[in-house]
Amino acid sequence: MRIERILQQCAAVTVASAVCAVGIGAPRSSAQSKTKTEPACCTAKEKSAASKKAAEKFATRAEVLLGAVPASKGEWGLLIADAESGETLYEQNADKYFVPASNMKLFTTALALAKLGPDFRFHTTLETPGTISSQGVLAGDLVVVGRGDPNLSNRKFPYELKEEFDGPPEKALAELADALVAKGVKQISGDVIGDDSYFPRERYPNGWEIDDMVWEYGAAISAIVVNDNTVALTLTPGEQAGNPVQAMLTPATPDFMVENNVTTSAADVKSDLTLTREPGSNLVVVKGTLPAKSAPRRLVLAIEEPAQHAAATLKRLLEERGVKVAGVARARHDHAELGGDPVVLAEHVSVPLGDALKLINKISQNLHTEMLLRTVARQRGPWATTDDLMKIPAEFYATAGIAPDDVIQTDASGLSRHDLVTPRAIVTLLAFAQKQPWFGLYYASLPVAGIDGTLEDRMKNTPAAGRIHAKTGSVEHVRTLSGFAETASGRRLIFSFLSNNQGGKSHEAADALTGLCVAMLEEFNVAPPKRGMEHKHPQ
């Protein structure tokens, strides 16, 4: 989920606002140590002549791929290991720090599976401190209480190849409204409240940029997430040049006011759009042109106040069902404000985490990943500071055998430009994951080259198609790819390819990553060692 997707949809959218001693998982004295010692499993005597030759051939090919401009102007970190033995097959800058972008999701989704389990479900409730009379009057406030469910939407599960939707975007809230009406509620004397106090309030992690908050990939974090905390602005051009362009928000919401200054241009004129939205403002200004008779343009905008948005949406849905609401829609961020013991009037139970996680890694959903980290942490209770929050994943990484300081983390999704990881940390994580009972789900959640997710359109018609199961990563000047490679001989490799400071066009670093994947599959394509039970490939 990145700005490049938006830029592909619009011709111009601008935003105003704003080496380890004993193996790959062994601790080292410093993540940036320049002195490397060969892992005990692969000393010079133990390495086969075939392994040496394969590494030399790969190194030659990698040098060509990464030595050409513009890839050569950036920094590259590479690490390839045999998944069965843990033998390091090739490394370059494997202990240096890199901004991981969405490769950070590999850490968070593993954490969630380990700590919550694949069968974990989220619960969202409608509650009231009041009572319901025999005439159907709810005396008091109606509160929608969020507890981190990332899929209060119209998504269909299980995820198969692509996202699918059924019904309106606010479908989950509509079902809660229907359940309330079914209880005979006809009138609410108080307010409709969106309660997101389950998580301490922190809408934007450290290291997110100011323009991130405009678009869907930077939607505000909250314990309530309705339709990914987004609305869609659809611009429909006219039939002839000079016709006005129609603008429509879906679903209807008071969160935005749209100032539409877009006109229809001649059919042969390239589209030219500019969208401006100041932080904290609900005014969205769109200017420019769209070609006559061209397809509508859909821009997905992020909600800045999710709890308020959820309350307003629920109030509208109730009124559409004939329920009179005397009060207003408002947000509550502090659970201490709730007095007495509330009564649960309706409940929405999510799909199992194992299903939701597949969607996250396949499409690289930032907000959902942030919800997972906070849900894991919330099992211990609320946290006071971001540093306290980040202690939770740090403990898990130590358990996974990742060296101290090999992960510097400020968010869960990798949208933060302050995240830093080493290629060795990622390979160590993946080596740990493949030994866990939840690995089948984890592996199945990764995009497959040329097949689905964020790799659907990459590596097609190459030897890597269908053989690379990996997480992509992309923010400005960063392109990353880490995961598993399945060679034609049946050998599994674990790899992490991280590139930073890339100044070329977006496809050039991606092309280099494709070249590295093909070279890896071809040069390390040897018969696999005999596989232990704990390392069997997922079915």
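Residues numbered from 1 in each chain as written. Predicted model: local features only at pLDDT ≥ 70, side-chain atom pairs only at ≥ 80, totals over all residues. Heavy atoms only, no water.

K.L.:
Any chance you could explain the overall build of the protein here in plain terms?
P.N.:
Across its full length, the protein holds 11 helices and 22 strands. Burial analysis of the protein (539 residues in total) assigns 55% to the buried set. Taken as a whole, the protein presents about 21600 Å² of accessible surface, with 51% of it coming from carbon and sulfur. (Helix = DSSP H or I, 4+ residues; strand = E, 2+ residues; numbered from the N terminus. Buried < 20%, exposed > 50% of the residue type's maximum accessible area, 1.4 Å probe, protein only. Areas by Shrake-Rupley, 256 points an atom, 1.4 Å probe, with all protein chains shown as cover.)

K.L.:
Which parts of the structure should I look at to understand the nonpolar core?
P.N.:
A general tendency of soluble globular proteins is for nonpolar side chains to be buried together. In terms of nonpolar packing, the biggest core is built from 81 residues, with Phe107, Leu275 and Tyr442 touching the most fellow members. Element by element, the count of residues in this core is highest for helix H9 (residues 423-433), at eight residues. Listed in part, the 31 residues of the second largest apolar core include Ala71, Met459, Ala464 and Ala470. (Core = buried A, V, L, I, M, F, W, Y, C linked by side-chain atoms within 4.5 Å.)

K.L.:
What exactly am I supposed to notice about the packing of helix H7 (residues 366-378) against helix H8 (residues 386-399) here?
P.N.:
Any two packed helices are characterised by how steeply their axes cross, that is the angle between the axes, and by the distance between the axes. Axis separation between H7 and H8 bottoms out at 10 Å; the angle between their running directions is 90°. With respect to each other, H7 and H8 are oriented roughly perpendicular. On H8, the residues that touch Leu373, Arg374, Val376 and Ala377 of H7 are Leu389, Met390, Ile392 and Pro393. (Axes fitted to C-alpha atoms, helices over the stretch in contact; angles between N-to-C directions. Parallel < 35°, antiparallel > 145°, perpendicular 65-115°, else oblique. Contact = heavy atoms within 4.5 Å.)

K.L.:
What is the right way to read the pairing of strand S13 (residues 283-291) from this model?
P.N.:
Here strand S11 (residues 257-265) pairs with S13 via nine bridges, running parallel. Opposite Thr264, over in S13, you have Leu290 as the bridge partner. Across five bridges, strand S12 (residues 272-276) lies against S13 in antiparallel orientation. Paired with Leu273 across the strands is Gly288, a residue of S13. (Pairing = 2+ DSSP bridges.)

K.L.:
Explain helix H5 (residues 306-320) to me, please; I cannot follow it from the model alone.
P.N.:
An α-helix turns once every 3.6 residues. As a result, residues three or four positions apart point the same way. An ideal rise of 1.5 Å per residue puts 21 Å on 15 residues; H5 measures up with 21 Å between its terminal C-alpha atoms. Buried residues dominate H5, accounting for 11 of its 15 residues. All buried positions along H5 are accounted for by Pro306, Ala307, His309, Ala310, Ala311, Ala312, Thr313, Leu314, Lys315, Leu317 and Leu318. (Expected span 1.5 Å × (residues − 1).)

K.L.:
Please clarify how the sheet that holds S12 should be interpreted in this entry.
P.N.:
The strands making up a sheet associate through hydrogen bonds between their backbones, and the pairing can be parallel or antiparallel. Within the open sheet, the three strands sit side by side as S11-S13-S12. Their pairing is mixed. Only two strands of the sheet have a single partner each, and these edge strands are S11 and S12. Neighbouring strand axes in the sheet, compared pairwise and without regard to direction, differ in orientation by 5° on average.

K.L.:
For this particular structure, what's the right way to read the environment of Leu357?
P.N.:
Locating Leu357 in the fold gives a position in helix H6 (residues 353-363). Exposure remark for Leu357: the relative accessible area of 0% places this residue in the buried category. Distance in space between the C-alpha atoms of Leu357 and Thr109 is 6.8 Å, their sequence separation being 248 residues. Those residues in contact with Leu357 that sit more than four places away from it in its chain are Thr109, Leu113, Leu441 and Ser445.

K.L.:
I tried to follow empty space enclosed by the protein on my own but got confused; where do I start?
P.N.:
One way to see where empty space is left: roll a probe the size of a water molecule over the atoms. Within this model, the second largest cavity holds a volume of roughly 70 Å³. Every residue lining the second largest cavity is listed: Asp196, Phe199, Pro200, Arg201, Glu202, Arg203, Ile221, Ser222, Ala223 and Arg374. Here the lining of the second largest cavity is built from residues that sort into four nonpolar, one polar and five charged. (1 Å grid on protein atoms, 1.4 Å probe; cavity = no way out; pocket = protein on both sides within 12 Å on 5 of 7 lines; lining within 4 Å. Points joined across faces, edges and corners; volume = space filled by probe spheres on them. Nonpolar A, V, L, I, M, F, W, Y, C, P; charged D, E, K, R; others polar.)

K.L.:
Got a minute to help me understand the side chain of Asp452 in this structure?
P.N.:
Mapped onto the fold, Asp452 is located in the loop between helix H10 (439-444) and strand S20 (468-475). Non-local contacts of Asp452, meaning those with residues more than four positions away in its chain, are made with Leu161, Lys362, Leu446 and Pro447.

That is the geometry; function is a separate question.
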